[in-house]
Amino acid sequence: GDSVTQMEGPVTLSEEAFLTINCTYTATGYPSLFWYVQYPGEGLQLLLKATKADDKGSNKGFEATYRKETTSFHLEKGSVQVSDSAVYFCALRPSGGATNKLIFGTGTLLAVQP
Amino acid sequence: ETGVTQTPRHLVMGMTNKKSLKCEQHLGHNAMYWYKQSAKKPLELMFVYSLEERVENNSVPSRFSPECPNSSHLFLHLHTLQPEDSALYLCASSQVVRGKGGYTFGSGTRLTVV
């Protein structure tokens, strides 16, 4: 079945460091891909998305490019801040279907130190 | 209030208790979801309601019983739970239009079964 695999955390970085969180997926057809972020004590919030191959999603300095050839959607940010500390979830929405369900990865904890 | 509201935020219950989790959305969405979030595991989709009908039930034990009385409210009734059911339970809603529409999540209910 469809699935998402994320790099295990925690990822610990110093402020202004470059961030990459890897995400690969298994799915038939052309799923839509998402990154969600969960700050402590809160629910998940949509960070960015891409709906077709070669699309780049971006928001708040974060970027991810939908790579069909490598089935990947890696999250990047050029200069992280302490306020970026959170859990990041990669997710896919299978193509077709009527329920709009999302399939999530395990989440990657990012800790940014001043 | 706007967004998705979940109550209670925290719940401790014994294995013989019966309790209910509540989710309310004020976004005019037509689909609602229950997810279970456990440490080091992907978010597990439990139930999907679309237009107030349950359209997905992912092999969830019968000790979890969902109810969707209208498009704005979703409940998860709990009885005779096990310690391994301790987790963060997240509710989400979306507007399903030909399989599209992003999720809005609540902050979750942290459940501890003792």
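It should be noted that the structure appears before, not after, this text.
1. Digging into the layout of surface pockets
Part 1: As a volume, the largest pocket reaches approximately 640 Å³.
Part 2: Lining the largest pocket we find 28 residues, and of these A:Gln38, A:Val87, B:Gln37, B:Ala39 and B:Lys40 sit closest to its centre.
Part 3: Here the lining of the largest pocket takes three residues from strand S10 (residues 86–93) of chain A, the largest share from any one element.

2. Looking at unusual backbone geometry
Part 1: Across the junction of A:Gly9 and A:Pro10, the peptide omega takes the value 0°, indicating a cis bond.
Part 2: Structurally, A:Pro10 can be placed in the loop between strand S1 (3–6) and strand S2 (11–14).
Part 3: Geometrically, the link from B:Thr7 to B:Pro8 is a cis peptide bond, its omega value of -10° lying close to zero.
Part 4: Within the element layout of this structure, B:Pro8 appears in the loop between strand S1 (4–7) and strand S2 (10–13).
Part 5: We note that A:Thr71 has phi near 45°; this positive angle belongs to a residue other than glycine.
Part 6: Overall, A:Thr71 belongs to the partly exposed group, its relative accessible area being 30%.
Part 7: Despite not being glycine, B:Thr80 shows a phi value in the positive range, around 45°.
Part 8: With respect to the secondary-structure elements, B:Thr80 resides in the loop between strand S8 (73–79) and strand S9 (87–94).

3. Digging into the sheet that holds strand S7 (residues 64–70) of chain B
Residue and element names in this part refer to chain B.
Part 1: As summarised here, the arrangement of the four strands in space is S1-S3-S8-S7, forming an open sheet in which the pairing is antiparallel. Strands at the two margins of the open sheet, each flanked by one partner only, are S1 and S7. Between one strand and the next, the sheet's axes are offset by a mean angle of 20°, whatever the strand orientation.

4. A few points about the side chain of B:His29
Residues and elements named next belong to chain B.
Part 1: In this fold, His29 is placed in the loop between strand S3 (18–25) and strand S4 (31–37).
Part 2: Among the polar contacts made by the side chain of His29, one reaches the side chain of Ser93 at a distance of 2.7 Å.
Part 3: At 3.3 Å, the side chain of His29 forms a polar contact with the backbone nitrogen of Ser94.
Part 4: Setting aside its immediate chain neighbours within four residues, His29 contacts Ser71, Ser93, Ser94, Gln95 and Thr104.

5. So, the environment of B:Leu27
All names here are of chain B.
Part 1: For Leu27, the location among the structural elements is in the loop between S3 and S4.
Part 2: With a relative accessible area of 36%, Leu27 lands in the partly exposed category.
Part 3: A C-alpha to C-alpha distance of 34 Å links Leu27 and Gln82, two positions 55 residues apart in sequence.
Part 4: In contact with Leu27, not counting residues within four places along its chain, are Gly3, Val4, Ser93 and Thr104.

6. As for the nonpolar core
Across soluble globular proteins, nonpolar side chains show a tendency to be buried alongside one another.
Part 1: If you look at the biggest cluster of nonpolar residues, it comprises 26 residues, and the most contacted ones within it are A:Leu19, A:Trp35, A:Leu47, A:Leu48, A:Phe73, A:Leu75 and A:Tyr88.
Part 2: Those elements that place two or more of their residues in this core are S2, strand S3 (19–21), strand S4 (23–26), strand S5 (32–38), strand S6 (44–50), strand S8 (62–65), S10 and strand S12 (108–113) of chain A.
Part 3: Counting residues per element, this core draws most heavily on S10(A), which supplies four residues.
Part 4: Each residue touching A:Phe73, except ones within four places of it in the same chain, is listed here: A:Cys23, A:Leu33, A:Phe34, A:Trp35, A:Leu48, A:Lys49, A:Ala50, A:Ala64, A:Thr65, A:Tyr66 and A:Cys90.
Part 5: If you look at the next biggest cluster of nonpolar residues, it comprises 22 residues, including B:Leu21, B:Cys23, B:Tyr49 and B:Leu111.

7. Structural notes on the sheet that holds S3(A)
Residue and element names in this part refer to chain A.
Part 1: Read from one edge of the open sheet, four strands run S3-S9-S8-S7, paired in antiparallel fashion. Edge strands, defined here as strands with exactly one partner in the open sheet, are S3 and strand S7 (56–59). Strand-to-strand, the axes of this sheet are offset by a mean angle of 15°, without reference to chain direction.
Part 2: Relative to S8, S7 runs antiparallel, the two sharing four bridges. In the sheet register, Asn59 faces S8, and the bridge partner there is Phe62.

8. A short note on the interface of chain B and chain A
Part 1: Listed as interface residues are 23 residues of chain B and, on the opposing side, 17 residues of chain A.
Part 2: For the pair chain B and chain A, the summed buried area comes to about 1,600 Å², and 53% of that belongs to carbon and sulfur atoms.
Part 3: Joining chain B to chain A, the criterion identifies zero salt bridges.
Part 4: Our enumeration of links across chain B and chain A arrives at five residue pairs in polar contact (both at pLDDT 80 or more).
Part 5: At the level of secondary structure, the elements contributing two or more residues to the side of chain B that touches chain A comprise S4, strand S5 (44–50), strand S6 (53–57) and S9 of chain B.
Part 6: A class-by-class count of the residues in the side of chain B that touches chain A yields twelve nonpolar, six polar and five charged.

The rules behind these values
Residues numbered from 1 in each chain as written. Chains lettered and ligands numbered in written order. Predicted model: local features only at pLDDT ≥ 70, side-chain atom pairs only at ≥ 80, totals over all residues. Heavy atoms only, no water. 1 Å grid on protein atoms, 1.4 Å probe; cavity = no way out; pocket = protein on both sides within 12 Å on 5 of 7 lines; lining within 4 Å. Points joined across faces, edges and corners; volume = space filled by probe spheres on them. Helix = DSSP H or I, 4+ residues; strand = E, 2+ residues; numbered from the N terminus. Buried < 20%, exposed > 50% of the residue type's maximum accessible area, 1.4 Å probe, protein only. Pairing = 2+ DSSP bridges. Axes fitted to C-alpha atoms, helices over the stretch in contact; angles between N-to-C directions. Polar contact = N/O pair within 3.5 Å; in protein donor to acceptor, adjacent residues only side chain to side chain. Contact = heavy atoms within 4.5 Å. Core = buried A, V, L, I, M, F, W, Y, C linked by side-chain atoms within 4.5 Å. Buried area = accessible area lost by both parts, 1.4 Å probe. Salt bridge = Lys/Arg side-chain N within 4 Å of Asp/Glu carboxyl O. Nonpolar A, V, L, I, M, F, W, Y, C, P; charged D, E, K, R; others polar.

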